Structures are given as structure tokens and as C-alpha cells.
Amino acid sequence: MKDAGRKPVPLREQIDRLIAAGSYQAAVCDLADFWRSDPGPAGAAFVNSRFEQMRDKLPLDPWRVAILRSFTVEPLAPLLRAEAFLAGIELAVHVGEFNAWAQELLDPTGAVYRFAPDAVILAVHDCEPGQMRACLDVLRRHSSAHVILHTREAAVVPRRGILDAQIEVSEWAAQQKANAGLRALAREYRGVYVLDYDALAARHGRQGWHDERKWLTARMPISAAHLPDMVREWMRFIHPLAGKVAKAVVVDLDNTLWGGAIGEDGMAGIQLGSEYPGAAYQAVQRALLDFHERGILLAVCSKNNEVDAMEALERHPGMLLKPGHFAALRINWEEKPPNLLEIAAELNISANALAFVDDNPVERRQVRMQLPEVTVVELPQNPMDYAQALRDCPVFERLTLSAEDMQRGRYYADERERRRLEQRTGSLEEFYRSLQQEVEITPMNAMTLGRAAQLTQKTNQFNLTTRRYSEQEMAAISRSPCYRVYVLRVKDRFADNGLVGVAILQCGGEAWEIDTFLISCRVVGRTVETAFLSGLTGQARQAGARKLEGWFLPTAKNAPSKDFYPRHHFQLVETIDKGSRWALDLAIPVACPPWIRLNYAGNHH
Amino acid sequence: MPATITERVRVIAADLFHLAPERITEQSSPELIEAWDSVQHLNLILALESEFKLQFEPEEIDLMKTIGDVSALVTAKVGHRR
């Protein structure tokens, strides 16, 4: 990875020239290359200082991490900040006192709680699950921060030597049991996630991971060469927690999904199959298939003749991916950036939710420069390393997986079918009727909380207030007597779309307020929002409310929900900087569209 | 043309201590550079170890009082390896 003969000074100078000239995007591209060539303490100091110079010029999201620890982590903090900067996050890092993590967690007035972290990393390698439980109890009562919990590591060589493998009450068994306890503990609490530190050290080789000299002199157990690997592992958690994830991955075809060029080499000539060299490309396809099952959409963007490429996609025997796995296809001779924007529009996601995979460094650079919001996966030279590079990319990580996620790819295939039908159907009303939609509104419960919180995190377009709630915050809201949380399910003739809407109503007295009202883009434009409002107003009226009020808070993305209030006869109350406030007299019922069957299930609380 | 060991040490120190490379001299020391505290000393050791693929003994770390000492030590260790 590192080249001892590199010339570090010219790239540094070029970056400084670009910053001075105001070419911030080009500077960020070069900083990414620089960081890849020198991901250590000196490189981190350079990257951080340059980002600090540009912080006002770049769209960086602030985020806060507290690292509580049983070993020296100070040298890791600047590396973590550098990785985060390059992911578009301005990270504030609080490092706890040495080996004081338990006391710090148990004191709700202490520095950790005052820091108000978004996430707490528990880099603790010698604790018992029982002790951890006591600490997590206090943390969960006083903070909704996410928690990243390190597992305990097996010894490089057990104290009993090879005897350890022969006996029942072994050091190995004790370590396995402690880790099973930590995993079980994490599943009990919302927002507590396990980082398998034992597997991380094993993956890189325990012997080389450790540095006995640094451990004995500075209580720093990780060798200099592996500091970047520790930081990258933390980033795999920070990406999904901070919402820096790709919802779709757009892949090139020639020399990416198969070896060779289909237009030149033909069906018989391209490399794709279970034997080398085709096996390398099958490994890429397997990684993409794994992403697909994680709920990440797949799309193709390739400069090719469509007929040639489709023949390979449909009929090549080595293809693990089939046309049905792809939610969008752009096979033409246009430039990649406009094609990527079209794909984002077709999938109803914004460009910053796209990742781009292409073997050609020129195409990658063009996308990095022209569409800086797109995550460009930097592929190594050798195709045999492509699959690993994809699996290492943190934007594809997920910490929870709902049934909806696993089905998402199919929804989009259904959606393509639905759109075909829309084109065939004459009037809009006829189209709505032909969908045979069934809408079910239920109070949120423990089973639906995770998905509901996820929707508040991800939904940008049909979202009146764009308030983001973590699972912990959602749980707190649902326990409060002042709020009612409802979820919406939509079924139609094609599929059960699953849980696609969330509403949070602040209740009490005669005037209720809409805290949150959102609909997943998957069902936007099918009048289900009217059915949802109809059900909610019915519930509010039954509970004694006379008026329903709500804010529309405009964002860069929620224009599709802008006319929701006027369309449903809300009266404008006031307009201020942050948005407009609306009210509806509940004496007049909101009718459910006649083409939707509305069901209300379950009692609140 | 690959940079010399002394130049590479200077660039690393400049990055870590947020100074222009010209400001780093043979005589630069923790007394003269405010940013060179114990945490940055550990960072310097780790940066040198990964840049030059070597490992320092605790006794060697104690001898690194100036950038001149650091360059000399790294040069000796890299030379010894060859």
C-alpha cells in the first residue's frame, strides 16, 4: 500500500495550491489520494489541518464520538477524524481517562454525558458482561447515544500453551463465553452494537496486530501498521450510524462485472465463470448479490451497445446477477455523471445515496470531480482484489436489517411493472383503482419501532418536518403519554410494500400537533398520504381533539410534500423563516380516497 | 528521485507539529516546539515506524531529544537493515 520511494511533497504542495485557488472539490479528491498513500499519524495531521482550513467551504456534517477505553487510544483519534472528514463528517472526538470507562459511564453528571456524544465507543478489552450491564443501564437512562462495544480478544498464545486446547475449563472457552455474554447484552439494549475486536485482530493476524513494546511502554497494544485498520473498523459503524450510506450501487459492466469487453470479445470471449480468470468477476457479482440481500439497490451504468450488454446480462451462464436484480439500467454512450443523475431520479433517491463502481480510473475521477456527493469506490489494480474492496467499503454496512430491506430489490422490479401499467391505463383514477391498494394504520409497537425510526432517518422527500429519530429516541417518544406514534402499511395487487409511513402526533387537549408525517418514496404519488391523514384525523377526533396543527419545514429535498397541507384544506396560520404553520378544523372529516381500503388496527397504549 | 531520510523525517515532523517543513531543523526539540508533547512524541514514533517499517526500543525513544537525533537514529537503523 505504501511506496517508500513516493514523493510526498509535490502532492502536498498541489493540495495547498488547490485550496489557495478555491478549488476545494479537487483538493478533497487529492486529499483522498494522499490519505490512501499515507494513512498514518503524520498523514492524518496533514489531512485534518487542510480540512480545518476548508471546513466552511465544504458540506460537512457534525458528529460526536466519545471513546472510553482500557488502553491508549490517543494516536487513533486524529486518524479517525481524517477518515471521517473524507466521508463528509466533521468529527468531534472525546477521549475518556485511561481505564476509567466504568466510573465515567456510571456518573451521569460527568464529562462523557456533558460531551453529548452521538456514539460512545467502548474500547474495553477486559470487562465482564455483568459489569458492562451495570454501566449500560446507567448510560441508557441518561443518554440516547449509540454504543459500539468491543469484544474481548483471545490471547496470541494461551497462558497454558497447547494444554488450553485439551481441557474443558480453558482460557479460550472463558473468552468465548464472555463474548457471547456481551453479544446477548447488546441485543437487550436499543442502539448497542458489537464490534468483533477478536475477529478484527484475527483478520489481520494477531501476531502482527500487536506491538508488545508499545504495550509495555505506553499501554498501546496495536502496532503502528494496524492503526488505520482499527480506525476503518470504527468507520464501518459510524457510516451507518451517521446516515452516510449508499442506498444504491451503480456498476460498470466491461472489466467490472466480467473480464474483457462484450462489444469486442462477444459472449464466448468475456471472462466470467467459476474458473480463473472468470472467477474473480464472479466474486464481484457475489459481493453485489450480498449487498442486494442487505437491501442495497443495484444498477448498471455502462458505455456499450445495449443489445450486446443485455444479451450477456440475460444469457451468459456465468452471470450470478440477472436483469431482475437491477433496479435501473443505463447502457448507452453518454457520459457517466448525467447517467448517474438519471438513475438517482429513477430510483427516487438523491445522488448522495449512490455508490459508483468502475474499473476505469478516468471514469472514477470524472464522477468524483463532477458529482462529489456520489461515493466512488476506489478499486485496486488487480481484479482479484475487487470483491474485497467492495466488502471493505463502509457505505454498504448496515447495523439492522428489516424485512423491508431484504425485499427492497423486488419492490423496485415490481415498481417497473407498475409503471408499465400506469402507461397503459387511461385516467389517473383508473390507475389508482387498478392498484387495489389496502392501507393499514396501527399504533407503533416494539416490532415496528426499528423500521419506524429508520424511516425518520432516511425519508427526505415526502416528509413534512424531517425530524430524525434514533431507535432510542423513538422508544422514549412512544413511552410518553403526550405522543401517539402511528405506522402505515400499504398492500397492492403486486406486493405487500411493508411499513412505508410514520406519523407522530403530539396529543393532549383540543389541539393536536403533527410532529412528524412521512411517506416512503416507494408509495408516493398513489394518494396513500390522504388515506393516512384520514385515519389519523379519525383517531384524533375520537380522542376528543378539535383541531390538528402542523409545521411544514422546507428542506432541499422535501418539495414533494410542500402542498400537502393546502391540498387537504388546512388553513395557513403563520409563515416564519423556518417554515409555515397550518391548522385543520377536525369538525370536517378527511375522506379516504374511494379506491383505497383503509383499516385501523389496535388500540393505543 | 526519492527523498532522503532526513527530508522524510522533517516532513513527518512538520505534519505532526503543524509547521512548515522549513521551520523544522536539526535542533528542533520539545522545548522549542510547543506542539511536541508526550502524545505527539508517541505519534512521531508511530509515524516513523510505519513510514520506515522499523521498530524502536524504549531506550532508543529516550534518546530522541532533537530532530537531529531522530534522523540519525532512523538513518542508523535503516542502514543497519541494509
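Residues numbered from 1 in each chain as written. Chains lettered and ligands numbered in written order. Predicted model: local features only at pLDDT ≥ 70, side-chain atom pairs only at ≥ 80, totals over all residues. Heavy atoms only, no water.

Q: How should I be thinking about the interface of chain A and chain B in this particular structure?
A: The extent of an interface is frequently quoted as the accessible surface area lost upon association of the parts. The interface of chain A with chain B comprises 23 residues on the first partner and 22 residues on the second. Carbon and sulfur atoms make up 62% of the area that chain A and chain B hide from each other, which totals about 2000 Å². The closest approach of N and O atoms between A:K214 and B:E49, which form a salt bridge, is 2.8 Å. Across the chain A-chain B interface, the total number found is five residue pairs in polar contact (both at pLDDT 80 or more). Going through the elements one at a time, helix 1 (8–20), helix 3 (41–54) and helix 11 (212–218) of chain A are the ones with two or more residues in the side of chain A that touches chain B. (Contact = heavy atoms within 4.5 Å. Buried area = accessible area lost by both parts, 1.4 Å probe. Salt bridge = Lys/Arg side-chain N within 4 Å of Asp/Glu carboxyl O. Polar contact = N/O pair within 3.5 Å; in protein donor to acceptor, adjacent residues only side chain to side chain. Helix = DSSP H or I, 4+ residues; strand = E, 2+ residues; numbered from the N terminus.)

Q: How do you make sense of the environment of A:A102 when you look at a structure like this?
A: Residues and elements named next belong to chain A. Here A102 shows up in helix 5 (residues 101–106). Separated by 82 residues in the primary sequence, A102 and A184 have C-alpha atoms spaced 19 Å apart. If near-sequence neighbours (up to four positions away) are discounted, A102 is found in contact with Q131 and C135.

Q: Could you clarify how one ought to interpret the sheet that holds strand 1 (residues 61–69) of chain A in this entry?
A: Note on sheets: strands pair through backbone hydrogen bonds, and any given pair is parallel or antiparallel. Residues and elements named next belong to chain A. Reading across the sheet, the five strands line up as 2-1-3-4-5 and stay open at both edges, with parallel pairing between neighbours. The two strands at the open ends of the sheet, each matched to only one other strand, are strand 2 (89–95) and strand 5 (192–195). With strand direction ignored, the average angle separating the axes of adjacent strands in the sheet is 25°. The pairing of strand 1 with strand 2 spans seven bridges and is parallel. Of the residues in strand 2, the one forming a bridge with A66 is H94. In this fold helix 4 (residues 76–86) packs onto strand 1 and strand 2, with an angle of close to 160° to the strand it touches most, strand 2. (Pairing = 2+ DSSP bridges. Axes fitted to C-alpha atoms, helices over the stretch in contact; angles between N-to-C directions.)

Q: I keep staring at unusual backbone geometry and nothing clicks. Help me out?
A: Most peptide bonds take the trans form, and the phi angle of most residues other than glycine is negative. Residues and elements named next belong to chain A. The omega torsion across Y276 and P277 is 0°, close enough to zero to call that bond cis. Summarising the element assignment, P277 is placed in the loop between helix 13 (262–269) and helix 14 (278–293). Despite not being glycine, N255 shows a phi value in the positive range, around 60°. Its place among the elements puts N255 in the loop between strand 6 (248–251) and helix 13. N255 gets classed as partly exposed once you look at its relative accessible area, which sits at 30%. Phi at T466 is positive, roughly 50°, even though this residue is not glycine. (Buried < 20%, exposed > 50% of the residue type's maximum accessible area, 1.4 Å probe, protein only.)

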